[in-house]
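# Understanding the architecture of this molecule
One letter stands for each residue in the lines below.
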Amino acid sequence: MTTALNLDLAIIGSGPAGLAAAVKARQLGIKDVVVFERDERPGGILPQCIHNGFGLQKFKAALTGPEYINRYIKMAQVHSVDIELDTMVLEIDKNRILTAVSEHRGLRTYQCKSIVLAMGCRERPRGAIGIAGTRPAGVFTAGQAQRLVNIEGYMPGETIVIQGSGDVGMIMARRLSLEGAQVKAVVEIQPFASGLIRNEVQCLHDFDIPLLLSHTVVEIHGDKRVEGVSIAEVDERWQPLEGTVQFIACDTLLLSVGLIPENELSKMAGVSLDPQTGGAYVDELLETSVPGIFSCGNVLHVNDYVDEVSNEGEIAARGAQSRIKGRPAGKKKKIALVGNKTIGQIVPQAISGQRAVTFYIRVNRPMEKLTLRIGDIFKKRIPYARPSEMIQIRLPKKVFSELEASTARLKVSCEER
Amino acid sequence: MSAAEAAPPPHIGDYDVIVIGAGITGAMIARQLSKLQGRFAVLEKGAFPGFGVSKASLSQIHLPDFCPPGSLKGKLCRDAPARFKKLAGELDVYYREVDELWLALEAAQVANLEAAKARAESHGATGFEIIGPQRIRELEPHVTPEAVAGLYARGLGVIYTPQWNFALIENAVQNGVQLHLQTEVVDIGKTNGGIYRLTTNQGTLTASYVINAAGLYTDEIARMVGDGHIHLSLRKGTMLIFDKSVSHLVRHMIFGTFSESHSQDIAPTAHGNLILGVHYVPTNNKTDTKVSREGIQQTFELGRQLVPALSQKDIITSFAGILAQPDMTRDGDFHIAASQHSPRVIHVIVGAPGLSAAPAVAEYVIQLLADAGMPIEEKTGFNPKRGGWPAFGIASIAEKQQMIAANSKYGHIICRCEQVTEAETVASIRRGARTMDAVKHLTRAGMGRCQGGFCGPFVLKCLADELGITPTQVTKSGPGSHQIVKMTRSGFKSCDG
């Protein structure tokens, strides 16, 4: 084995989280920053997201995915960020030793003072949701279809049914319609769309694509290529209702049934994961349970907006800076955030009480006229909340000065008034 | 010229022995034949060897504890692990040793374990041991606390059948056997000289001897030579594959109860996932490999009974296969024998554990060929060695460095879940993979937790480039299963400029 190369900061992933972290890290004066990217181009998933609506918050403009990420790629160039393309990180460990491989550089190891995890997420495949039927060609995840159409220039099919109303699925319903395909239905097992309302309106309603709520695909038909799907209405326990099965002829089924933070490397390093988010447990600097390893963007928790993903990258870069500068890795005082039964996710899951904090919260069912409370230090009335729309609360440092020194837990709750 | 006057089907070959079926049994027989002098061929109706029943199996190498005393199947799988281990070395394919732990979940089931031990011993297998709950917990901390006793045996194995099937056929071909793919036998007659004439969709062939190793279709081939007494009973079985993140839950090949409607079996796979099976339903349809909701659910329940910590969210894929078993033999024993009406046709009709028995079945078939009058002479120059291509994902760091040094394409990982590289993808295509599924089963690209979400587009392009076809011509599993339908309306303009 060759000797390890030294790095101040390794960032895994060059999407909107990783590049924002890299640029911020350079701005903060961190010297040796390397971004590892497994694809042949930087940007993560954004180069294939050619629709607009990105960057409203960060750049005050409705950019396309490629435009958004190109701004970061340019900033990265200006700040001399080293992006290793076509390079796959194979392993990281708790001592922050990273092993990466590429065709042009072979296998290399790096000893890193800090690591920012920015690997993003992957899509839930067919097997994970157990759709019955045959196994023909023509079943794709929505993101795979998006890559085929927008990057490779291939049409996955001509008559389409989409299972799941995640954002990528709804966006692909519109995209494929614009390419001349007939999108026959978007089928959603929940009684509400799982993506943003904006996408429901702009991608489905505006294109007269039916959204069938409380429905699911129960069987895939076709031996060689998809010939159709059977769908059925479901009860509140998601069980198909007898007598509601109908056949829809189509040559393609797209799946948009959830995103999973891609934490395989995090697990190798011993990072503790939150079963609610599928991402790491972090503090307000987005530091994981392993000192010196930070997590941001969709590998931490699946975000609604790319701007937020980049904001998290910047927070993680600040965290990394404090480690590189030598903040001791000793035992930290932590206040745990504990949600009540209406809370689906909270990030960060624990805070020091010594700094300002941005909280990201999701409810686990649609609610109206609710009051959100964080311990006794914060209370806000909110007109409505849905699982698909993250609630963001920024609290300044001084709020926490009201806490008693012995505080170990803060209860987070959403209650309808 | 009218259709009736159309040219007769072409004659495509004359052989001493033709093996019908290139599944694992046919492949073992073909490879055994390739050690001998003579002209041999294997006919396979599918687009790739081993993509019928053999692919959809648990891929486990058993000892004869399932086989009744005195049965042919017991005799043939007595030394299965040792035979597979030897072959693994010759064929450069992966064999993983796994120990067996057969559980009794209530006192009444202990008798089942004792019977299994007695069956194994009746075939000369040794080392079977009945163990108590404490030992079970030591061996497998995650099995149900309800387990009252276990039958423990060491040295069974797991393989990945499609890779073995391919290696066996490659080695047979390397030693002179002709492989005819997409060649379906539709009739068997006789020439004036008394040898067999096989009519296929590709043309006619002749052979002095015919081996019927057609798996699910052995009954139909048998009827072509006048053997109407051969019947199969068919069951469709559903199996589940779990994410590698839960592989620590099971280290042994764990069995529970067995019945007409299930085989309770959870075990590691050769590649380190967990495979769970098998819930059965009777079927008459040989091509019905659809999975059903109930099938998935009931299979899952079988597993959770043995290992309560299993979670449905960790299932990465499910599939179904057809298990055939001779219907006319005692206890469903194998029927491996010359035809009643055509003595130079050998029927090879196996059921479970057909994979385990396959190496011994191949030797047994050669003996039956000799009995039927075929001169058996070993040829000089048989090469038992077949080289695979190194798999990056399971290699050590030092081996990985060597692979990249020898071929830099080993540094380009295309399937991130299983760490399959461009070098392996290209190798599989240059060695015969023609479809997405063939690449997948030979390299594992697309078999991981994302199920091809990321590597799919790359494999598609790689197949198109290597085969010199357009992306629209690339298929998942053969004609009619194209992956994409056309180029986009706008055509493709790179946004990179």
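What you see is a predicted model; the values in this text were computed from it and never measured.

### A look at the overall build of chain A
- Within chain A, the secondary structure is distributed over nine helices and 29 strands.
- Relative to the globule expectation of 22 Å for 417 residues, the C-alpha radius of gyration of chain A, 22 Å, shows essentially globular dimensions.
- The C-alpha extent of chain A, read off along each of the three principal axes, is 65 × 60 × 40 Å.
- Of all 417 residues assigned to chain A, the portion counted as buried reaches 54%.
- Taking the contacts inside chain A whose residues are at least 6 apart along the sequence as the reference set, 64% of them involve residues at least 24 apart.

### A look at the domain arrangement of chain A
All names here are of chain A.
- One can read the domain layout of chain A as domain 1 (1-123 + 259-332), domain 2 (125-257) and domain 3 (333-417).
- Distance between the C-alpha centres of domain 2 and domain 3: 35 Å.
- Across the side of domain 2 that touches domain 3, the residue classes tally to two nonpolar, two polar and no charged.

### A closer look at helix α11 (residues 422-430) of chain B
All names here are of chain B.
- Of all nine residues making up α11, seven are buried, and the element is well covered by its neighbours.
- Those residues of α11 lying buried are E422, A423, E424, T425, V426, S428 and I429.
- Each element contacted by the buried residues of α11 is listed here: β18 (413-415), β19 (420-421), α12 (436-443) and α13 (456-467).
- Count one or two residues on from α11 and you reach G432, which has phi positive near 135 degrees.

### Here we look at the interface of chain B and chain A
- The partner chain A presents 41 residues to the 42 residues of chain B that form the contact.
- If you list the elements that add at least two residues to the side of chain B that touches chain A, you get α8 (293-306), β15 (315-326), α10 (397-406), α13 and β20 (486-487) of chain B.
- Here the residues of the side of chain B that touches chain A are counted per class, giving 15 nonpolar, 18 polar and nine charged.
- Note that strand β12 (residues 154-155) of chain A and β20(B) share two bridges and pair antiparallel. The partner of M155(A) across the bridge, within β20(B), is K486(B).

### Here we look at the sheet that holds strand β10 (residues 132-133) of chain A
Residues and elements named next belong to chain A.
- Taken in spatial order, the four strands of this open sheet run β10-β16-β17-β18, and their pairing is mixed. A strand with exactly one partner marks an edge of an open sheet, and here the two such strands are β10 and β18 (246-249).
- Note that strand β16 (residues 215-221) and strand β17 (residues 228-233) share six bridges and pair antiparallel. Its bridge partner lying in β17, E219 is registered against S230.

Parameters and conventions
Residues numbered from 1 in each chain as written. Chains lettered and ligands numbered in written order. Predicted model: local features only at pLDDT ≥ 70, side-chain atom pairs only at ≥ 80, totals over all residues. Helix = DSSP H or I, 4+ residues; strand = E, 2+ residues; numbered from the N terminus. Rg over C-alpha atoms; globule rule 2.2 N^0.38 Å. Buried ≥ 20, exposed ≤ 12 C-beta atoms within 10 Å, placed from the backbone. Contact = placed C-beta atoms within 7 Å. Domains from an automatic or database assignment. Nonpolar A, V, L, I, M, F, W, Y, C, P; charged D, E, K, R; others polar. Pairing = 2+ DSSP bridges.

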